[in-house]
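Understanding the architecture of this molecule
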4 protein chains.
Amino acid sequence: MSDEGKFKKLWGGRFSADLAQEALEFSESTAADSRIIAEDIWGSQAHAIMLAECGIISEDDLGEILRCLQEARSEYEAGRLELRRDLEDVHMNVEVYLREGAGPEIGGRLHTARSRNDQVVTDTRMHLRVRLLDIRAAVADLQETLLQRAAQHTETVMPGYTHTQHAQPISAGFWLSGHASALQRDQQRIAAAYQRTNLCPLGAAALAGTSFAIDREITTRLLGFDGIVEHALDAVGSRDFVAEALSALAILATNISRLAEELVLFSTYEYGMIEIPDAFASGSSIMPQKKNACIAELTRARTGTIFGRLMQVLTSLKALPSGYNRDLQEDKPPLWHALDTIDSILRVFTPMVQGMVLNAERMRELASANFAAATELANFLVRERGLPFRTCHQIVGELVGTLIKEGKTLDDYERVQELLSAQGQQLTIDEIAQVVDPTACLQRQVSLGSTNPEQVAGMIQGLGSSVAQTREELAAVRNQLQQARAHTDQIIQHVLAGSPLSECEM
Amino acid sequence: MSDEGKFKKLWGGRFSADLAQEALEFSESTAADSRIIAEDIWGSQAHAIMLAECGIISEDDLGEILRCLQEARSEYEAGRLELRRDLEDVHMNVEVYLREGAGPEIGGRLHTARSRNDQVVTDTRMHLRVRLLDIRAAVADLQETLLQRAAQHTETVMPGYTHTQHAQPISAGFWLSGHASALQRDQQRIAAAYQRTNLCPLGAAALAGTSFAIDREITTRLLGFDGIVEHALDAVGSRDFVAEALSALAILATNISRLAEELVLFSTYEYGMIEIPDAFASGSSIMPQKKNACIAELTRARTGTIFGRLMQVLTSLKALPSGYNRDLQEDKPPLWHALDTIDSILRVFTPMVQGMVLNAERMRELASANFAAATELANFLVRERGLPFRTCHQIVGELVGTLIKEGKTLDDYERVQELLSAQGQQLTIDEIAQVVDPTACLQRQVSLGSTNPEQVAGMIQGLGSSVAQTREELAAVRNQLQQARAHTDQIIQHVLAGSPLSECEM
Amino acid sequence: MSDEGKFKKLWGGRFSADLAQEALEFSESTAADSRIIAEDIWGSQAHAIMLAECGIISEDDLGEILRCLQEARSEYEAGRLELRRDLEDVHMNVEVYLREGAGPEIGGRLHTARSRNDQVVTDTRMHLRVRLLDIRAAVADLQETLLQRAAQHTETVMPGYTHTQHAQPISAGFWLSGHASALQRDQQRIAAAYQRTNLCPLGAAALAGTSFAIDREITTRLLGFDGIVEHALDAVGSRDFVAEALSALAILATNISRLAEELVLFSTYEYGMIEIPDAFASGSSIMPQKKNACIAELTRARTGTIFGRLMQVLTSLKALPSGYNRDLQEDKPPLWHALDTIDSILRVFTPMVQGMVLNAERMRELASANFAAATELANFLVRERGLPFRTCHQIVGELVGTLIKEGKTLDDYERVQELLSAQGQQLTIDEIAQVVDPTACLQRQVSLGSTNPEQVAGMIQGLGSSVAQTREELAAVRNQLQQARAHTDQIIQHVLAGSPLSECEM
Amino acid sequence: MSDEGKFKKLWGGRFSADLAQEALEFSESTAADSRIIAEDIWGSQAHAIMLAECGIISEDDLGEILRCLQEARSEYEAGRLELRRDLEDVHMNVEVYLREGAGPEIGGRLHTARSRNDQVVTDTRMHLRVRLLDIRAAVADLQETLLQRAAQHTETVMPGYTHTQHAQPISAGFWLSGHASALQRDQQRIAAAYQRTNLCPLGAAALAGTSFAIDREITTRLLGFDGIVEHALDAVGSRDFVAEALSALAILATNISRLAEELVLFSTYEYGMIEIPDAFASGSSIMPQKKNACIAELTRARTGTIFGRLMQVLTSLKALPSGYNRDLQEDKPPLWHALDTIDSILRVFTPMVQGMVLNAERMRELASANFAAATELANFLVRERGLPFRTCHQIVGELVGTLIKEGKTLDDYERVQELLSAQGQQLTIDEIAQVVDPTACLQRQVSLGSTNPEQVAGMIQGLGSSVAQTREELAAVRNQLQQARAHTDQIIQHVLAGSPLSECEM
């Protein structure tokens with residue numbers, strides 16, 4: 001179109017000078033917006049259908065608009081729609097595409113009763129909701145893998161650590177399932193963020209609603225939203241859903257970083273309890289023997305990336321007057337980046353956990369090397385001798401102190417016997433052997449949620465059920481979104497076939 | 001007790017040297033722990049009852065333990081229980097109090113089947129849950145005040161801003177209710193954080209559970225928890241509930257900071273739309289005419305305080321091996337500080353909003369001073385002349401550009417008429433007057449959630465219902481917590497009266 | 001080369017499986033490394049020359065290595081060298097390029113006595129140093145522009161604000177030069193960061209130095225560094241220079257964001273004191289009258305971007321064992337992003353400040369509209385009547401309180417006279433008129449650094465000198481870096497011409 | 001004084017209602033201000049002297065003012081001056097103290113030509129400068145201790161780690177001195193922050209300077225500042241010096257946290273390379289054998305505290321209009337907290353490092369357990385066989401791979417010989433033994449800054465000189481500050497003795 005040859009900004013009526021080139025480059029958002037092209041087109045389709053349904057544009061105009069938007073969609077899906085930077089954002093790109101296809105007379109009608117302010121936050125919510133579902137699915141994958149690995153090791157003894165020091169014997173299954181347990185709360189947090197994401201702001205227009213008699217329920221349904229962000233000013237100006245999603249991702253990253261740290265630690269020569277599969281380790285350009293847990297290290301570091309993005313968004317929202325401010329444009333780059341980061345972490349972490357080798361022998365060796373059974377010895381004295389716990393804690397504490405000085409361990413049964421006897425506690429060698437045996441320790445733990453193999457098996461099953469339920473929820477929600485897209489498509493086909501809109505259910 | 005005169009650390013058995021004084025000062029946590037004394041005592045009472053119910057300690061010992069703990073509680077409630085710094089933390093203080101009262105023989109039995117690791121996180125959760133309820137109540141107060149003020153102003157015209165520039169006329173009621181709307185999501189987020197807070201980790205012991213046959217359901221019920229954090233390793237080592245609470249508070253603070261910014265702005269001489277009540281403003285030591293919105297400024301600044309505390313906790317959790325690490329002790333100071341900060345903000349913000357004066361005249365004046373009705377004029381052309389929106393946007397844009405150059409506004413009806421005519425649009429003076437009148441603009445907005453007075457009234461009612469529902473939820477939850485405390489107290493009275501535990505329902 | 005056809009990782013000797021595809025994608029750093037290709041080549045050239053100079057490789061091998069590296073450099077400069085992602089990073093890409101050109105026999109010798117650990121931090125420092133110089137130059141541009149604009153307005157009266165409330169009359173030149181003054185400290189901070197950046201870690205090898213008798217002074221000189229990071233472990237493992245640079249950028253961004261906020265504010269209808277040039281403002285897709293200070297808004301928001309990057313790097317460094325960890329790879333993306341962001345802000349801010357229109361009339365109007373001269377009236381009473389300042393503060397405070405209630409200002413001379421008289425202070429109308437006149441207020445300020453036009457002119461001159469000195473420093477430092485590059489090039493030409501290295505000065 | 005009985009706010013002239021109690025509690029700053037009482041008094045003394053010297057107040061009034069301020073100072077130093085919360089801040093407290101002592105007629109004259117805006121930032125700078133010196137001294141202590149410990153261990157072999165994996169043999173002295181080396185940059189950064197801190201903003205008054213003919217040079221000298229913050233608007237509104245100090249502290253904390261992490265790690269059973277002294281370790285309430293590196297853990301966690309404070313201050317400064325805003329009051333709590341935190345870390349870290357035991361035997365054992373000498377073997381082949389490094393890297397990589405599969409190490413000389421021979425490299429057993437011996441490895445490192453004992457000794461000496469120089473600088477700066485205090489005191493004594501001010505040198 002000739003009058004678009006040298007594009008005149010769609011909003012430029014009152015301006016006497018064009019945006020400076022450096023200002024355009026500074027302010028245009030096509031890089032971040034390239035993620036929400038499909039959403040912008042879908043949103044425009046739903047908006048156009050609603051306008052026609054409400055009698056604000058004619059069905060003829062609707063047909064032409066939908067034809068062009070479908071074409072834009074095809075171009076996009078074929079990878080041929082590239083956003084022009086000089087058109088600033090995705091909305092202007094789609095609208096200009098429409099104007100070039102349908103002419104300004106018809107194309108110029110699409111933007112009736114809406115604004116870029118409600119459009120962009122609609123697109124962002126539509127994109128984010130899918131990413132949150134994807135991440136929940138990837139977390140479920142990691143949980144399942146952890147639980148599978150855990151199920152193989154409910155009786156594999158290893159030292160349980162507090163303060164990175166040997167505390168009590170636990171099983172490797174207990175250790176791994178503990179991470180799956182923490183991730184279940186991440187599932188809940190992301191689900192909660194989804195609830196506040198999948199709400200429709202479209203129809204809020206610039207900030208005040210509109211004087212056209214639109215029907216916001218229609219667009220809400222066509223776009224698969226669960227509800228409406230009713231208050232127009234709140235709808236266009238709020239990004240707390242972005243901050244909430246980033247918070248949930250930051251906490252998820254934190255939880256994963258703790259497993260990452262343990263993978264780095266446990267795969268050292270000193271610990272030697274696990275081996276990272278070669279496919280997830282790297283070597284050195286100078287030291288030929290090196291095998292580094294690089295994936296775990298990078299995961300650890302990229303936790304900081306997510307923190308930074310959260311801090312960025314919180315900072316940019318702080319003390320912003322209500323309604324839309326251009327600052328809000330800056331919600332998407334950090335959100336996309338955090339989503340990509342967490343997604344890539346999960347995609348690489350799951351197969352790494354799947355493939356890592358647990359060195360059960362080394363775990364067993366460490367479990368009895370450094371007094372991890374001391375608590376059990378104290379508990380034994382409480383139970384069998386009726387002494388107060390604190391007294392037993394003192395007795396065993398002194399025993400351990402002496403053994404350390406002598407370079408001995410609890411496996412030196414006879415010396416243990418002697419030393420206990422000196423403190424007035426007579427135990428047989430068999431009793432001692434039984435009490436300090438790490439595997440027997442596991443078995444003796446009886447409390448709910450303890451490292452006892454049956455307890456761990458029960459928790460693995462319980463967490464497995466939670467993951468299965470997550471899968472079902474995700475399938476249901478995805479199906480709902482697909483139904484909405486399909487519903488929109490049916491109306492589009494109907495209209496493009498020249499049939500009257502009144503035959504469509506909205 | 002003489003052997004406690006010079007206190008020997010309860011955990012000191014294997015140590016040959018005392019903690020250095022500077023190390024004690026560096027690591028003791030009594031300042032932060034002074035917030036959780038009541039919780040620690042309640043937790044100990046419930047734990048002792050459960051131990052006796054499970055036959056792990058005798059009922060006689062239970063009686064003595066409960067007697068001493070009740071005494072500690074009375075001392076605390078009378079303000080006479082001060083935590084000794086040399087005893088490091090609240091747990092050791094309470095236990096030493098017990099040992100001094102009941103003797104080491106009996107007092108030393110309380111710590112059976114538990115650890116400071118599960119104790120401290122139990123206490124923290126018990127304290128946090130109440131603070132979250134308090135904050136929800138305070139948010140509800142602010143919401144109600146905003147809605148009351150909004151209800152008085154559904155027809156008070158003011159400029160709606162985007163980019164801090166005049167956009168379209170809105171009502172002051174629309175503006176204020178928009179903030180109440182955003183706060184409703186904060187209510188949801190804090191409620192979600194509560195769900196993951198009010199779960200019982202007690203019984204996880206150090207990290208692995210215990211070999212004593214405890215019943216975690218009993219302590220969970222007696223302490224008013226909604227459920228159990230089952231996995232022992234996860235229970236003692238996880239603080240994502242702290243990070244989640246801080247995230248929710250950070251986002252809440254952000255939302256309030258946006259209102260704070262507007263109060264600063266709208267109370268300037270230039271805006272002049274509101275006046276901060278004298279009781280919430282401050283003067284200058286040098287400039288006698290000054291009246292500063294200091295409360296709003298400090299609120300704005302203290303948003304950063306909450307961000308900092310969130311960042312602190314996230315950073316301290318990052319890459320921590322699972323299970324308890326001493327780093328976790330550092331969860332409480334930032335949590336308490338953030339809770340106090342947000343609490344004090346809410347307590348001062350609500351009466352300030354209650355007392356602030358809205359200058360309706362100035363609002364009205366600004367609403368028609370700077371072309372806020374331009375969109376409506378474009379919409380009029382779309383509706384009445386059937387032109388595409390983009391065309392009308394261009395026409396009105398050029399009109400506005402010319403008027404600005406001429407120092408005129410849309411209230412210069414005749415010039416407006418001329419200029420529109422020059423662009424081929426004939427409007428009567430009456431039409432123009434009606435279209436650009438800000439009050440008429442409000443009335444014309446018809447869409448759901450718009451600034452139309454009826455829409456705003458509807459939203460005020462809807463949000464009011466949500467707040468009322470929040471109040472009911474809060475009352476129910478508080479009642480549940482009180483019931484749990486009363487239940488524990490009944491058992492204590494029963495036992496202290498010398499009656500058998502078997503008569504108590506657990 | 002056939003054996004490189006299917007590339008075998010250069011460090012893969014001990015590995016039995018290739019890196020998984022997702023692990024490669026997760027861990028490769030070519031995107032960030034594409035910024036340091038030139039640096040990596042220069043570093044390799046200097047390293048090779050040094051190895052030959054020290055007799056570790058032969059001069060023949062050196063010639064072949066330099067030939068290939070020069071080719072790589074030409075390819076890069078012609079935009080034809082693209083980093084292969086499967087080669088992980090820039091170092092491997094350059095080395096493989098070399099091996100393919102010079103054969104493995106010769107190419108394999110370059111990596112003698114170095115490691116990717118010292119290489120990457122050398123490259124990063126070389127890149128960062130130039131970016132810091134560029135940013136200092138751009139800050140100098142902004143300072144100069146501010147000072148130029150300030151110089152035009154040393155007598156343009158406007159209200160000075162504290163708490164966003166009118167405080168005392170100042171000049172626009174005083175306001176603008178205040179920002180230039182703050183930026184001077186940013187200059188100093190970036191210069192300080194440069195000092196700790198431009199130091200040479202090359203030769204630290206993996207972490208421990210090397211058993212080859214290298215000469216680190218040679219590479220340090222050839223690469224234009226000001227000194228050596230001597231300690232090898234510290235050299236490869238420290239990134240505090242990155243955190244320091246990011247801190248300096250974060251503070252710089254904060255200072256600019258404060259000007260940005262004022263541009264947003266002062267260009268509102270309500271303030272009306274400045275107008276943003278059309279070329280740096282944007283309109284609305286729905287509201288034809290809008291003119292938004294979008295550049296200032298985005299600048300404000302992107303301050304949070306820099307904060308986020310700083311937090312990211314600090315978090316990733318926290319509690320990292322000394323020496324190189326893969327986490328350190330994550331220093332570059334946030335550093336590059338922060339540098340790009342601040343650079344783009346400066347490039348757009350300077351012409352915007354250059355082009356903005358100051359509305360002197362509106363400034364003057366506001367300056368006398370709201371009691372900004374009240375302090376001067378109090379000071380007058382102190383000076384002329386000998387009263388204590390606090391007494392005068394009270395008198396004028398009560399005067400202002402009454403005038404506000406009456407809707408009057410200090411320009412209502414007669415009422416002012418009456419009210420002062422009622423408090424026992426007799427002033428003539430002339431005295432009052434003179435005291436409260438904003439322009440006279442400016443003139444009366446006499447203290448060093450005050451808003452008095454002469455003082456402001458003096459500060460503009462002083463700051464101008466500082467900027468000029470900055471320019472000179474920058475020119476000198478850039479020259480030094482160019483000399484180093486030229487020196488390296490001379491040696492390369494010499495060697496490529498077949499001449500002996502012994503003829504070169506090192 | 002009766003009229004102060006019910007205190008009337010000193011700035012309350014125009015106000016009709018008192019500050020609400022909750023607003024007072026929200027906004028008063030006496031807790032934070034209690035740190036700067038001495039500074040506020042000194043500042044007031046210097047200001048009063050200057051006013052008299054400039055003829056703005058009489059010498060009689062000066063005498064009375066100084067008498068009261070000296071009394072306030074004595075009260076403060078005796079611990080009897082407590083800030084009244086209802087007086088809001090330290091400035092009002094001191095001024096009211098003065099008014100109550102000297103009467104409002106004289107006391108009311110002190111605030112001439114100044115404002116709380118310039119006062120508070122003067123006080124903050126005066127306090128911060130001393131804290132920065134204290135922290136530098138404490139860093140010097142830690143450096144010295146590290147260097148002393150390092151000097152004992154220049155030949156103590158331990159594994160050098162990269163990626164927490166064995167890389168090459170280093171000495172414990174090399175490891176420890178590496179931390180001292182990093183801390184030297186922290187010294188520089190804090191010194192740089194000091195430079196921008198110790199500048200005098202007093203005399204800027206509220207924001208615009210003053211119409212009294214004050215002499216800012218006098219107060220600058222009397223208060224020991226190195227220079228003036230000339231621009232009044234910049235002087236009262238800038239807090240970038242606070243952000244810079246916090247950045248320097250955050251980076252310092254990061255560096256210390258890395259040592260802390262290593263202390264946690266190296267004191268585990270698995271590493272067993274160091275033992276934390278009992279006086280700096282803690283036990284467990286349930287596990288009698290535990291010995292936890294609690295000080296190192298808390299240090300690690302409190303790094304996040306500093307990060308949080310930095311983020312808080314940056315956030316609160318972002319987008320603040322220039323000049324004083326109440327938000328700036330919030331600079332002190334985070335600054336004080338960060339200073340206290342870092343100070344307490346340093347005070348406990350130094351004796352812990354002093355007392356920790358290095359287990360040289362275990363270090364030696366680990367150094368040869370896991371192929372740390374592999375690089376040396378490759379380097380040997382390069383040197384002795386003339387092969388390219390990459391080829392040698394491949395050969396040794398394959399050797400290591402085979403040995404690992406066979407459960408052997410480089411100490412299995414004969415197998416090493418066989419495997420190398422199979423790859424065409426003939427080495428004698430002696431050669432192998434020599435090449436892979438960790439102590440020989442240390443000796444062979446020859447490069448500047450390497451782990452070679454002589455190099456390490458040289459670096460210890462060099463760093464020691466730097467620390468000594470730091471001590472000298474600190475002594476000189478402290479002396480300068482004391483001279484300024486003494487100078488002020490001399491003038492005070494002179495005036496109180498009734499002698500004329502003209503006899504004093506200013």
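**Some thoughts on the overall build of chain A**
When helices and strands are counted, chain A shows 20 helices and six strands. Taken over C-alpha atoms, the radius of gyration comes to 31 Å for chain A, far larger than the 23 Å a tight globule of 506 residues would show. The principal-axis extents of the C-alpha atoms in chain A amount to approximately 100 × 55 × 40 Å. Partitioning the contacts of chain A with sequence separation of at least 6, the portion at a separation of at least 24 is 76%. Summing over all exposed atoms, chain A offers an accessible surface of approximately 14,500 Å²; the carbon and sulfur share of this is 47%. Within chain A, the 68 negative side-chain charges are centred at a point lying 4 Å from the centre of the 47 positive side-chain charges.

**Section: the relation of the copies chain B and chain A**
Least-squares fitting of chain B to chain A yields an RMSD of 0.0 Å, with the transformation described by 0.0 Å of translation along the axis and a rotation of 180°. Both chain copies can therefore be described as sitting about a two-fold axis. Distance from the rotation axis, computed per C-alpha, reaches its smallest value in chain B at Ser-247 of chain B: 3.1 Å. Here 100% of the interface residues in chain B have copies in chain A that are interface residues too; the copies meet face to matching face.

**Description of the environment of Ser-282 of chain D**
Residues and elements named next belong to chain D. With respect to the helices and strands, Ser-282 occurs in the loop between β5 (274–275) and α12 (294–317). Note on Ser-282: relative accessible area 2%, which makes it buried. As a C-alpha pair, Ser-282 and Cys-294 span 12 residues in sequence and 6.1 Å in three-dimensional space.

**Examining the state of the cysteines**
Residues and elements named next belong to chain D. If you walk through the whole model with that rule in mind, you get zero disulfides over all chains. There is no disulfide at Cys-504, and the cysteine sulfur nearest it, in Cys-54, is 14 Å away. Residue classification places Cys-504 among the buried positions, given a relative accessible area of 14%.

**Some thoughts on the interface of chain D and chain C**
Taken together, the 113 residues of chain D in the interface contact 113 residues of chain C. Taken over both partners, the interface formed by chain D and chain C buries close to 9,300 Å², and the fraction arising from carbon and sulfur atoms is 58%. Three residues, His-231, Arg-258 and Arg-390 of chain D, lead the burial of chain D against chain C; their summed loss comes to 9% of the area buried on that side. The tally of links between chain D and chain C comes to 10 salt bridges. In this assembly, chain D and chain C are joined by 65 residue pairs in polar contact (both at pLDDT 80 or more). Class assignment of the residues belonging to the side of chain D that touches chain C gives a composition of 43 nonpolar, 44 polar and 26 charged.

**Focus: the packing of aromatic side chains**
Scanning the entire structure with this criterion turns up 18 aromatic pairs over all chains. Taking the centre distance of 5.7 Å and the plane angle of 40° together, the rings of Phe-266 of chain B and Tyr-271 of chain B count as tilted. A relative accessible area of 3% means that Phe-266 of chain B is categorised as buried. A connected cluster of aromatic rings, assembled from ring pairs, spans Tyr-161, Trp-175, Phe-266 and Tyr-271 of chain A together with Tyr-161, Trp-175, Phe-266 and Tyr-271 of chain D.

**Points about the packing of helix α11 (residues 240–266) of chain A against helix α13 (residues 332–355) of chain A**
A pair of packed helices is characterised by two quantities: the angle between their axes and the separation of those axes. Residues and elements named next belong to chain A. Closest axis-to-axis distance for the α11/α13 pair is 10 Å, and the angle between their directions is 30°. By the angle class used here, α11 and α13 are roughly parallel. Considering how the two elements wind past one another, α11 and α13 form a crossing that is left-handed. Taking contact as the criterion, the partners of Val-242, Ala-245, Leu-246, Leu-249, Leu-252, Ala-253, Ile-256, Leu-259, Ala-260 and Leu-263 in α11 are, on α13, Pro-334, Leu-335, Ala-338, Leu-339, Ile-342, Ile-345, Leu-346, Phe-349, Met-352 and Val-353. Counted by class, the contact of α11 with α13 contains 20 nonpolar, no polar and no charged residues.

**Regarding helix α6 (residues 90–107) of chain B**
Residues and elements named next belong to chain B. In this model α6 runs just 15 Å from its N-terminal to its C-terminal C-alpha over 18 residues, more than 12% under the 26 Å that 1.5 Å per residue would give. Buried residues dominate α6, accounting for 13 of its 18 residues. Sitting at the amino-terminal end of α6 is Asp-89, which places a side-chain oxygen 3.2 Å from the backbone nitrogen of His-91.

**Details of the relation of the copies chain D and chain C**
Placing chain D over chain C gives an RMSD of 0.0 Å and needs a rotation angle of 180°, together with 0.0 Å of translation along the axis. When the interface residues of chain D are mapped onto chain C, 100% of them again fall at the interface, so both copies present the same face.

**Section: the side chain of Arg-129 of chain D**
Residues and elements named next belong to chain D. Considering the arrangement of structural elements, one finds Arg-129 in helix α7 (residues 116–151). Comment: no salt bridge for buried Arg-129; closest opposite-charge side chain is Asp-226, at 7.2 Å. Aside from chain neighbours lying at most four places away, what touches Arg-129 is Trp-42, Tyr-194, Thr-197, Asn-198, Leu-223, Gly-224, Phe-225 and Leu-481.

**A short note on the domain arrangement of chain A**
Assigned domains within chain A: domain 1 (12–112), domain 2 (118–364) and domain 3 (374–436). With centres defined by C-alpha atoms, the gap from domain 1 of chain A to domain 3 of chain A works out at 78 Å.

**Some remarks on the pairing of strand β2 (residues 165–171) of chain A**
Residue and element names in this part refer to chain A. Of all seven residues in β2, seven are buried; the element is thus mostly enclosed. Examined bridge by bridge, strand β1 (residues 157–162) and β2 share six bridges and lie antiparallel to one another. Across the sheet, Gly-160 pairs through a bridge with Gln-168, a residue of β2. Between β1 and β2, which pair antiparallel in sequence order, lie two residues; one of them, His-163, sits at a positive phi of approximately 60°.

**Points about the interface of chain B and chain A**
With 113 residues of chain B in contact, the opposing surface of chain A contributes 113 residues. Taking both partners together, chain B and chain A bury about 9,300 Å²; carbon and sulfur atoms supply 58% of that area. Salt-bridge contacts for Asp-240 of chain B lead to Arg-185 of chain A; the nearest nitrogen and oxygen are separated by 2.7 Å. Where chain B packs against chain A, one counts 65 residue pairs in polar contact (both at pLDDT 80 or more). Its residues placed into classes, the side of chain B that touches chain A shows 43 nonpolar, 44 polar and 26 charged.

**Focus on the confidence of the model for chain A**
On average, chain A scores 94 in pLDDT, and the residues at 70 or more come to 96%. Our summary of model confidence lists the complex with pTM equal to 0.96 and ipTM equal to 0.95.

Rules and cut-offs
- Residues numbered from 1 in each chain as written.
- Chains lettered and ligands numbered in written order.
- Predicted model: local features only at pLDDT ≥ 70, side-chain atom pairs only at ≥ 80, totals over all residues.
- Heavy atoms only, no water.
- Helix = DSSP H or I, 4+ residues; strand = E, 2+ residues; numbered from the N terminus.
- Rg over C-alpha atoms; globule rule 2.2 N^0.38 Å.
- Contact = heavy atoms within 4.5 Å.
- Areas by Shrake-Rupley, 256 points an atom, 1.4 Å probe, with all protein chains shown as cover.
- Lys, Arg positive; Asp, Glu negative; His and termini not counted.
- Charge placed at Lys NZ, Arg CZ, Asp CG, Glu CD.
- Least-squares fit on C-alpha atoms with pLDDT ≥ 70 in both.
- Buried < 20%, exposed > 50% of the residue type's maximum accessible area, 1.4 Å probe, protein only.
- Disulfide = S-S within 2.5 Å.
- Buried area = accessible area lost by both parts, 1.4 Å probe.
- Salt bridge = Lys/Arg side-chain N within 4 Å of Asp/Glu carboxyl O.
- Polar contact = N/O pair within 3.5 Å; in protein donor to acceptor, adjacent residues only side chain to side chain.
- Nonpolar A, V, L, I, M, F, W, Y, C, P; charged D, E, K, R; others polar.
- Phe/Tyr/Trp six-rings, centres within 6.5 Å; stacked < 30°, edge-to-face > 60°.
- Axes fitted to C-alpha atoms, helices over the stretch in contact; angles between N-to-C directions.
- Parallel < 35°, antiparallel > 145°, perpendicular 65-115°, else oblique.
- Left-handed = near helix turned anticlockwise from the far one by under 90°.
- Expected span 1.5 Å × (residues − 1).
- Domains from an automatic or database assignment.
- Pairing = 2+ DSSP bridges.
- pLDDT = per-residue confidence, 0-100.

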